[in-house]
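Close look at the chain arrangement
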Number of protein chains: 2
Amino acid sequence: MKIYVVGIGPGRYDEMTGRAEKALLESDVIIGYKVYIQLIRDRFSHKEMIESPMRGEEARCDMAVEEALKGRTVSVVCGGDPGVYGMAGLVCGKAGKYEGLQVEVVPGITAACSGAAVLGAPLIHDFAVISLSDLLTPWETIEKRLKAAAETDMVICLYNPASRRRRDHLKRACEIVMKYRSPGAVCGLAVNVGRDGEEGRVMTLGQLAETEADMFTTVFIGNSRTRNIGEKMVTPRGYSDEDIVI
Amino acid sequence: MKIYVVGIGPGRYDEMTGRAEKALLESDVIIGYKVYIQLIRDRFSHKEMIESPMRGEEARCDMAVEEALKGRTVSVVCGGDPGVYGMAGLVCGKAGKYEGLQVEVVPGITAACSGAAVLGAPLIHDFAVISLSDLLTPWETIEKRLKAAAETDMVICLYNPASRRRRDHLKRACEIVMKYRSPGAVCGLAVNVGRDGEEGRVMTLGQLAETEADMFTTVFIGNSRTRNIGEKMVTPRGYSDEDIVI
């Protein structure tokens, strides 16, 4: 009785780890949101797969537990890393009620890392990862975190920067950050990472505030020392003047 | 003329991505801190490899640029992800001065994600990644960031929690967080991830303050809703009461 919660990374098959591949090969059934199932369908076509709709996280998790309790080995697949806004928490929580039901989380490359790689090196140093989705978190809490991170000069990585329902969240986030950081601060968008149309766009914080993002975008707001070096977004390792490179 | 900056993940060969493997296979020379070179030496033994000492980041980077300018394809290997306290920034900065010298950052699983997987699901929601090393960052800046993250109930992931030179940094960090979070707050240590002796230890914030960490440890401090579920550290997806699982 085992459930793997498997991170498949940004999307391209070769950005999955060997360990993730092994977990999927070892499984009797693979369950996931349909977009992620489609990404791995060809490679694991001999496996039983169950597609689950978006926002069906609870049902997906119940299904995984049910299948595992039958004695089957189950993989729940997640885009990126299952531990960053992913299914790892729900599965650990639900499976914890059943003795003998093992859960193994298999990490994957999360969007903060895959997006950073496309832009160059925007993180490098201390950073905060904040989701702009207010579905499960009050917007005031999100605002406080943006302020706290901006005030203390952390690089900020934004997940879920926009959706149809909340088009103005990115603009509002930028306005908060701009109280503490210059409108010229170096920012970047990582768009369609691991998909067709993959692209990094380096811009200023002022420009970012006027940019529309979608759900396939991860946003990076640099700290006071982040630079645009030949259209790469590069943050130095600290605050030492010896860090002459940047 | 190309430099790959390659993340090899926590250490086990199968936690590297296919893309990282391809980059290494394509390279004429592989350069890295000796601990990382040793991790991959067997698999890529037919390659020219250059070991570089710890803290030799600048020299390692200069060497990579020099080799690439000869027309060779170079990989600089990093543990975890090269974009999180890794070599990606230095390489992008130095290589940016030479026209035609391409840099490609190949992401890997960073300790926040590999450590989280060992503990269960400590991150899941908004989090701050903060290094307790004050080599390049003033300790006051680190303290401000700890306070900002604690005050706004972000999960906190600590890199470099201790070294011989600064044994009390973790204790001091916990004391700051304890001003805003209960001593009973759920915390965890991920020790030797990807190495022999891999282990996750779930404990309270009060206990964490009395714990000695080493440089092979990543520390996780939960938010107000993080729970210990059967010795797994699990953070819910948000603040909704519908999130009944946890």
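Residues numbered from 1 in each chain as written. Chains lettered and ligands numbered in written order. Predicted model: local features only at pLDDT ≥ 70, side-chain atom pairs only at ≥ 80, totals over all residues. Heavy atoms only, no water.

**Observations regarding the overall build of chain A**
Within chain A, the secondary structure is distributed over eight helices and 13 strands. Viewed in the frame of its principal axes, chain A has a C-alpha envelope of about 60 × 35 × 30 Å. Within chain A, counting contacts between residues at least 6 apart in sequence, those at least 24 apart form 67% of the total. Of the charged side chains in chain A, 31 are positive and 34 negative, and the gap between their average positions amounts to 2 Å. (Helix = DSSP H or I, 4+ residues; strand = E, 2+ residues; numbered from the N terminus. Contact = heavy atoms within 4.5 Å. Lys, Arg positive; Asp, Glu negative; His and termini not counted. Charge placed at Lys NZ, Arg CZ, Asp CG, Glu CD.)

**Side note on a nonpolar patch on the surface**
Residue and element names in this part refer to chain A. Where nonpolar side chains cluster on the molecular surface, the patch consists of Met1, Leu69 and Tyr98 and spans about 260 Å² of accessible area. Position of Tyr98 relative to the elements: it lies in the loop between α4 (88-95) and β5 (102-106). Tyr98 gets classed as partly exposed once you look at its relative accessible area, which sits at 37%. (Patch = residues over 30% accessible without salt bridge, like charges linked within 9 Å, V, L, I, M, F, W, Y side chains within 5 Å. Areas by Shrake-Rupley, 256 points an atom, 1.4 Å probe, with all protein chains shown as cover. Salt bridge = Lys/Arg side-chain N within 4 Å of Asp/Glu carboxyl O. Buried < 20%, exposed > 50% of the residue type's maximum accessible area, 1.4 Å probe, protein only.)

**Things to note about the interface of chain A and chain B**
Contacts between the two partners involve 64 residues from chain A, matched on the other side by 64 residues from chain B. Approximately 5400 Å² of surface area, both sides summed, lies buried where chain A meets chain B, with 63% of it carried by carbon and sulfur atoms. Residue Arg237 of chain B is joined to Glu58 of chain A by a salt bridge in which the shortest nitrogen-to-oxygen separation is 3.8 Å. If you look at where chain A meets chain B, you find 33 residue pairs in polar contact (both at pLDDT 80 or more). For the side of chain A that touches chain B, the leading source of residues is α4 of chain A, giving six residues. Considering only residue class, the side of chain A that touches chain B consists of 29 nonpolar, 18 polar and 17 charged. The sheet contact formed by strand β7 (residues 127-131) of chain A and strand β7 (residues 127-131) of chain B spans three bridges and is antiparallel. Its bridge partner being in β7 of chain B, Val129 of chain A is matched across the sheet by Phe127 of chain B. (Buried area = accessible area lost by both parts, 1.4 Å probe. Polar contact = N/O pair within 3.5 Å; in protein donor to acceptor, adjacent residues only side chain to side chain. Nonpolar A, V, L, I, M, F, W, Y, C, P; charged D, E, K, R; others polar. Pairing = 2+ DSSP bridges.)

**Considerations on empty space enclosed by the protein**
Here the idea is plain: a probe the size of a water molecule rolls over the atoms and shows the empty space left. In this structure the tally under the stated criterion is one cavity of 30 Å³ or more. Reported here for the largest cavity is a volume of approximately 50 Å³. Val84, Thr110, Ala112, Cys113 and Phe127 of chain A together with Thr110, Ala112, Cys113, Phe127, Val129 and Tyr159 of chain B are the residues that line the largest cavity. For the lining of the largest cavity, the secondary-structure elements that each account for two or more residues are α5 (111-119) of chain A together with α5 (111-119) and β7 of chain B. Along the lines of polarity and charge, the residues of the lining of the largest cavity split into nine nonpolar, two polar and no charged. (1 Å grid on protein atoms, 1.4 Å probe; cavity = no way out; pocket = protein on both sides within 12 Å on 5 of 7 lines; lining within 4 Å. Points joined across faces, edges and corners; volume = space filled by probe spheres on them.)

**As for the sheet that holds strand β4 (residues 73-78) of chain B**
Residues and elements named next belong to chain B. Pairing is parallel across the open sheet formed by five strands, whose spatial order is β3-β2-β4-β1-β5. Edge positions in the open sheet fall to β3 (48-52) and β5 (102-106), since each of these has one partner strand only. On average, each strand axis in the sheet is inclined to that of its neighbour by 20°, with strand direction left out of account. Relative to β5, strand β1 (residues 2-7) is paired through five bridges, and the arrangement is parallel. From the neighbouring strand, Tyr4 faces β5, where its bridge partner is Glu104. Helix α4 (residues 88-95) contacts β1 and β5 of the sheet and is inclined by roughly 170° relative to β5. (Axes fitted to C-alpha atoms, helices over the stretch in contact; angles between N-to-C directions.)

**What to know about the packing of aromatic side chains**
Residues and elements named next belong to chain A. A complete count under the given rule lists six aromatic pairs over all chains for this structure. Aromatic pair Tyr13 and Phe44: ring centres 6.3 Å apart, planes at 50°, arrangement tilted. Of the two residues, Tyr13 is situated in the loop between β1 (2-7) and α1 (18-26) and Phe44 in the loop between α2 (34-40) and β3 (48-52); the sequence distance between them amounts to 31 residues. With a relative accessible area of 0%, Phe44 lands in the buried category. Considering the side-chain rings of Tyr33 and Tyr36, the 5.5 Å spacing of their centres and the 75° angle between planes classify their relative orientation as edge-to-face. (Phe/Tyr/Trp six-rings, centres within 6.5 Å; stacked < 30°, edge-to-face > 60°.)

**Some words on the pairing of β7 of chain B**
Residue and element names in this part refer to chain B. The element β7 is largely enclosed, with a buried count of five among its five residues. Burial along β7 is two-sided: Phe127, Val129 and Ser131 facing one way and Ala128 and Ile130 facing the other are all buried. With helix α6 (residues 139-151) bridging β7 and the parallel strand β8 (residues 155-159), this β-α-β connection has right-handed handedness. (Right-handed = clockwise from strand over helix to strand, strands pointing away.)

**Brief notes about the sheet that holds strand β6 (residues 120-121) of chain B**
Residue and element names in this part refer to chain B. Strand order in the open sheet made by the three strands is β6-β13-β12, with mixed pairing throughout. The strands lining the two open edges of the sheet, one partner per strand, are β6 and β12 (227-229). Examined bridge by bridge, β12 and strand β13 (residues 232-234) share three bridges and lie antiparallel to one another. Residue Ile229 lies in a different strand from β13, and its bridge partner there is Lys232.

**Comments concerning the relation of the copies chain A and chain B**
Placing chain A over chain B gives an RMSD of 0.0 Å and needs a rotation angle of 180°, together with 0.0 Å of translation along the axis. Here the symmetry operator amounts to a two-fold rotation axis. With an isologous cut-off of 70% or more, the 100% of interface residues of chain A that recur at the interface of chain B puts this contact in the isologous class. (Least-squares fit on C-alpha atoms with pLDDT ≥ 70 in both.)

**A look at the pattern of salt bridges**
Between side chains of opposite charge, a pair can form as their charged atoms come close. Enumeration over the complete set of coordinates arrives at 44 salt bridges over all chains. A salt bridge links Asp168 of chain A to Arg172 of chain A, with the nearest nitrogen and oxygen atoms 3.6 Å apart. Given the relative accessible area of 29%, Arg172 of chain A is considered partly exposed. For the salt bridge of Lys171 of chain A with Glu210 of chain A, the shortest nitrogen-to-oxygen distance reads 3.0 Å. Here Lys171 of chain A is found in helix α7 (residues 169-177), whereas its partner Glu210 of chain A is found in the loop between α8 (205-209) and β11 (217-221), with 39 residues between them in sequence. Classification of Glu210 of chain A by relative accessible area gives exposed; the value is 60%. Look at the salt bridges and you will find they share partners, linking Lys2, Arg19 and Glu104 of chain A together with Arg12, Glu15 and Glu198 of chain B into a network.

As far as function goes, none of this settles anything; it's purely spatial.
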